[in-house]
Amino acid sequence: LDVGGGSAQLVWGPDVGDSISAPVGTFALERAFQTDTSAAVGPGDVSWSAMEQAVETAFQNAPSRASAQTLVVGSNIMADFFSDVSVAALGRSCASQKLSVEEAISIVAKMQGRPYSESYYMFERNRGFVHGADKLFAVAVTAARVVGAASLLGTNASTSRGLCRLLLQDTARLDKLGIRTAAL
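Residues numbered from 1 in each chain as written. Predicted model: local features only at pLDDT ≥ 70, side-chain atom pairs only at ≥ 80, totals over all residues. Heavy atoms only, no water.

> Would you mind showing me how to read the overall build of the protein here?
Across its full length, the protein carries 7 helices and 6 strands. Put simply, the protein runs from its N terminus to its C terminus through helices and strands in the order β-β-β-α-α-β-α-β-α-α-β-α-α. For the protein, the proportion of its 184 residues judged to be buried stands at 47%. Of the contacts formed within the protein by residues at least 6 apart in sequence, a portion of 67% connects residues at least 24 apart. Summed over its atoms, the accessible surface of the protein is roughly 8,300 Å², and 49% of this surface lies on carbon and sulfur atoms. (Helix = DSSP H or I, 4+ residues; strand = E, 2+ residues; numbered from the N terminus. Buried < 20%, exposed > 50% of the residue type's maximum accessible area, 1.4 Å probe, protein only. Contact = heavy atoms within 4.5 Å. Areas by Shrake-Rupley, 256 points an atom, 1.4 Å probe, with all protein chains shown as cover.)

Structure follows, in structure tokens:
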């Protein structure tokens, strides 16, 4: 899954038809559904529910894979964000680029209803990124549910850098990380 500002791409195989690109990026969701842009949205909010529905509809033709363990989530600084937020928001003693869906929801719940500036501590190296983090997690959590994944793995690669093709061609790299992925 590659989440950008205007769109998100979900890729699950090596063929051109094995992907969906939809206008459900962080900025697109904010413009369409977030009435108060000064504070983060989260589970239970009307805006969050509308975002989930939009993502579900956008990715409804993706194959559901009950055996999927991990959804790889890429963007130019996603691994960095997952690492920093795992320490700052979850209190982990060491950074992790992998989050369970429940942990992602927990992070958003800590942001929910608060001005974005109160969540800057989660990602000091790029505070601007925090303004889209709630929408990022709305996309990633919903996409994970669509494909049946229980966790999210952040990477700093994106589809523009050939993330999905690289992982599909080099599954040994995922095996070394202990990741069994059925959908990318």
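There's more to say after this.
> What is the right way to look at the packing of helix H1 (residues 26-33) against helix H5 (residues 127-147) in this model?
Each pair of packed helices can be described by the angle between their axes along with the distance between the axes. Where H1 contacts H5, the two axes come as close as 9 Å, and the packing angle between them is 95 degrees. Compared by their axis directions, H1 and H5 come out roughly perpendicular. Contacts between H1 and H5 pair Thr26, Leu29 and Glu30 from the former with His131, Gly132, Lys135, Leu136 and Val139 from the latter. Partitioning the contact of H1 with H5 into residue classes produces 3 nonpolar, 3 polar and 2 charged. (Axes fitted to C-alpha atoms, helices over the stretch in contact; angles between N-to-C directions. Parallel < 35°, antiparallel > 145°, perpendicular 65-115°, else oblique. Nonpolar A, V, L, I, M, F, W, Y, C, P; charged D, E, K, R; others polar.)

> For this particular structure, what's the right way to read the environment of Val3?
Mapped onto the secondary structure, Val3 falls in strand S1 (residues 2-3). Sequence separation of Val3 and Ala140 is 137 residues, and the distance between their C-alpha atoms is 8.0 Å. If we skip the residues at most four places from it in the chain, Val3 touches Ala8, Thr26, Val73, Gly74, Ser75, Leu136 and Val139.

> I tried to follow the packing of helix H3 (residues 78-88) against H5 on my own but got confused; where do I start?
Two numbers describe how H3 lies on H5: the axes approach to 13 Å, and their chain directions differ by 90 degrees. By the criterion of interaxial angle, the relationship of H3 to H5 is roughly perpendicular. Across the interface between the two elements, Met78, Phe81 and Phe82 from H3 touch Phe129, Ala133, Leu136 and Phe137 from H5. Among the residues making up the contact of H3 with H5, the classes are represented as 7 nonpolar, no polar and no charged.

> Mind showing me how you'd approach the pairing of strand S6 (residues 151-155) here?
Taken residue by residue, a regular strand's side chains alternate between the two faces of the sheet. For S6, the buried fraction is high: 5 of the 5 residues fall into the buried class. Because side chains alternate across S6, one face comprises the buried residues Ser151, Leu153 and Thr155, and the other comprises Leu152 and Gly154, equally buried. By the bridge criterion, 5 bridges tie strand S4 (residues 70-74) to S6 in an arrangement that is parallel. If you follow Val73 over to S6, its bridge partner there is Gly154. Sheet topology places strand S5 (residues 98-100) next to S6; 3 bridges connect them, and they run antiparallel. What sits directly across from Lys98, in S6, is Leu153. (Pairing = 2+ DSSP bridges.)

> Just checking my understanding: could you explain the packing of aromatic side chains for this structure?
Each aromatic ring pair is characterised by the separation of its centres together with the angle its planes make. Inspection of every chain in the model, using the stated rule, returns 6 aromatic pairs. Seen from their ring centres, Phe81 and Phe123 are 5.3 Å apart, and the 85 degrees between their planes marks the pair as edge-to-face. Taken as a pair, Phe81 in helix H3 and Phe123 in the loop between helix H4 (101-111) and H5 lie far apart in primary sequence, 42 residues in all. Comparing Phe81 with Phe123, the two get one shared label, buried. Here a set of aromatic residues connected by ring pairs shows up, and it is made of Phe81, Phe82, Phe123, Phe129 and Phe137. (Phe/Tyr/Trp six-rings, centres within 6.5 Å; stacked < 30°, edge-to-face > 60°.)

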